[in-house]
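Results of the structural survey
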Amino acid sequence: LRAPPLPLGSSAVTIGHMPARPVTTIATPAPAAPRSVLMLGTFGVRSKGTLSARALGIGHALRAHGWHVALTTTPWDDPRDAGRVWDERGIRVSNTRARRPSTAPLAIAEMVAGALTAQPSLIHVFKPKGFGDLASRLLRHRLPVVVDMDDWEGDGGWNDVSGYGHLERRLFDWQERSAPRWAPAVTTASRLLQQRALALGAPADRVFYVPNGLSRRRFSELTIRSVPDSGTPSFHDPAPRILLYTRFVEFAPESLVPMLTAVRRSFPEARLVIAGRSADGAAEERLLQAARAGGVSDAIKLLGWIDPAALPAISVNCDVAVHPFDDTLINHAKSSVKLLELMAAGIPVVTTAVGENTSFIEDGQSGFLVPPGDQAALADAVSRLLANPLLGRRLAAQARARVEQRFLWDVIAPSVLEAYARAVEERR
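All of these numbers come straight from a predicted model, not from anything done at the bench. (Residues numbered from 1 in each chain as written. Predicted model: local features only at pLDDT ≥ 70, side-chain atom pairs only at ≥ 80, totals over all residues. Heavy atoms only, no water.)

1. Overview of the nonpolar core
- Judged by nonpolar contacts, the single largest core of 34 residues is most densely connected at I242, M259, V263, L272, V350 and V382.
- Residue assignment for this core shows that the elements contributing at least two residues are β11 (241-245), α7 (256-266), β12 (271-275), α8 (282-294), β14 (320-323), β16 (368-370), α13 (375-387) and α14 (389-406).
- Here this core gets seven residues from one element, more than from any other, and that element is α13.
- Setting aside chain neighbours within four positions, we find L272 in contact with I242, L244, L256, L260, A299, I300 and K301.
- Counting 30 residues, the second largest nonpolar core, distinct from the first, contains Y245, A310, A344 and I347. (Core = buried A, V, L, I, M, F, W, Y, C linked by side-chain atoms within 4.5 Å. Buried < 20%, exposed > 50% of the residue type's maximum accessible area, 1.4 Å probe, protein only. Helix = DSSP H or I, 4+ residues; strand = E, 2+ residues; numbered from the N terminus. Contact = heavy atoms within 4.5 Å.)

Given below as structure tokens:
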């Protein structure tokens, strides 16, 4: 009898030693393929949520599935990290030594050399933009590449508001438009970006919806309604408090004044507590100028930047949170981690019915959604929750349960693994 053909990659053991006898072979299973991913970024880990919250969040969830994960990026916006390497709870984070746009070829060469040395199973590049994307284009003929889209980067999006030069804008728009066509798989943080990837030429079976999530560790931190400690801002008056947790990039700061003014008609002592700050302080100045003109400047408390660990203690001292978004392409493409954090923190949330906010919040069930630009509706929803604490507690509990069931990274990770399998299959 003739032995069946051996599977590709198997080894064989020969039984028998007499030349005249038939040779029988036993196929042994091929060793499991190594599961390792190298994530590539294009800016500092500390400064942008794309790497700190999204890439590392996915990475830690993948580690629980047995994957080896590493991250390499170019910290052009954080010079203190140039050339630094550290361990982020089991993920090796490497920063290129070259970091300036003028030395882009050197930074890209560092990324490519590191990838070829490490030989991961695949590359996952976070944003089709800048250094990481250019390195992945050089690597795509050697390794499968997954492209992640978590913002509208090109014309109509961040290109229009970030102050880039003409050549940078043209490069970033070209990168974003061309990546979905060549990438073996694309992960998108929002439904709008999923549609954009398809419109730019990505086949439907290569595009995977991967909304932002929270790590189980962060979820546990946020669900502890803690007592303020010495490092947490304290509030000594019993006034109703409205929490705004923000970097002032999703809305016009002046729009908060009509909302606050309307709420104070029903709750004259209401305060707006703002946790977070803008990049340059200009938004806060615009807000305070409008508040002085509207006679409500005394009702605004600016906490500035806060340690994320302080959010539970701050939220426990507030009654309701607002999360306003303007009606823009950038906001429709965004998948807000801050909204998920507020939902997990156990405070009732009023947000704008824009983009992924409508996926995170079920109106009337896990929070309130109001039309974009409708400050009266925003104020009405806030006032309703201030007047009915029992309703607020019910919505907050539903929101927290919704995050745990649908928006933790270990729940979302299987969609990432599907994208990885598709990229490897396409590469073969």
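And the narrative resumes.
2. Observations regarding the confidence of the model for the protein chain
- Scored by pLDDT, the protein chain comes out at a mean of 90, with 89% of its residues at no less than 70.
- Across residues 1-32, confidence stays below pLDDT 50; counting only partners more than four residues off in sequence or on other chains, it has 20 contacts. (pLDDT = per-residue confidence, 0-100.)

3. Considering empty space enclosed by the protein
- Scanning the model with the defined rule gives two cavities of 30 Å³ or more in all.
- Within this model, the largest cavity holds a volume of roughly 70 Å³.
- Lining the largest cavity we find 13 residues, and of these P324, F325, T352, G373 and Q375 sit closest to its centre.
- Here the residues of the lining of the largest cavity sort into seven nonpolar, four polar and two charged.
- Considering only enclosed or pocket space, the second largest cavity measures out at about 30 Å³ in volume.
- As for the second largest cavity, its lining consists of L244, Y245, T246, E250, F251, V322, H323, P324 and F325.
- The set of elements that each furnish at least two residues to the lining of the second largest cavity consists of β11 and β14. (1 Å grid on protein atoms, 1.4 Å probe; cavity = no way out; pocket = protein on both sides within 12 Å on 5 of 7 lines; lining within 4 Å. Points joined across faces, edges and corners; volume = space filled by probe spheres on them. Nonpolar A, V, L, I, M, F, W, Y, C, P; charged D, E, K, R; others polar.)

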